[in-house]
Amino acid sequence: SSSSSSSSGQYDRVYRAYFSAINPTDIKKAYHALGKPDKNQSLSVDARQELDLKVGVAFSRFQTRYFQGRYGDLDSAVLSYGPCQTPTLGFCVQRHVEMETFKPEPYWLLDLGIM
């Protein structure tokens, strides 16, 4: 028996869950529909990660050099950019605005007791 045939047998029990949202319904649905890992999907994820890293590094360098010295209060050594950072920052800003503009509304508080 060769080592490659025995090592490939250990992956026969490897499954992958496919889900887009982290909530109980989607996770349970994915768990009940497990599939075998797809090498092409795995390679595409690797390519995406590498591309995100290279774009992030290149654009961070570009915008750091472009913006430094143009704004007096911009004292950051590096202005970081990443394809995931931009939407995440948007969510944070949106939540901050919601908190800053929050107006409390009257509500009822019930206090129940057993007699």
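Residues numbered from 1 in each chain as written. Predicted model: local features only at pLDDT ≥ 70, side-chain atom pairs only at ≥ 80, totals over all residues. Heavy atoms only, no water.

Caption draft 1: Spotlight on the environment of Val14. With respect to the secondary-structure elements, Val14 resides in the loop between helix H1 (3-10) and helix H2 (24-31). You can call Val14 partly exposed: its relative accessible area is 32%. As for Val14 and Leu34, which are separated by 20 residues in sequence, their C-alpha atoms are 9.6 Å apart. Discounting chain neighbours no more than four positions away, the residues touching Val14 are Lys36 and Pro37. (Helix = DSSP H or I, 4+ residues; strand = E, 2+ residues; numbered from the N terminus. Buried < 20%, exposed > 50% of the residue type's maximum accessible area, 1.4 Å probe, protein only. Contact = heavy atoms within 4.5 Å.)

Caption draft 2: The side chain of Ser60, seen in detail. Tracing the backbone through its elements, the reader meets Ser60 in helix H3 (residues 39-67). In this structure Ser60 comes out as buried when scored by relative accessible area, which is 9%. Among the polar contacts made by the side chain of Ser60, one reaches the main-chain carbonyl oxygen of Gly56 at a distance of 2.7 Å. A distance of 2.8 Å separates a polar side-chain atom of Ser60 from the backbone nitrogen of Tyr81. Among all residues touching Ser60, those that are not within four sequence positions of it are Leu79, Ser80 and Tyr81. (Polar contact = N/O pair within 3.5 Å; in protein donor to acceptor, adjacent residues only side chain to side chain.)

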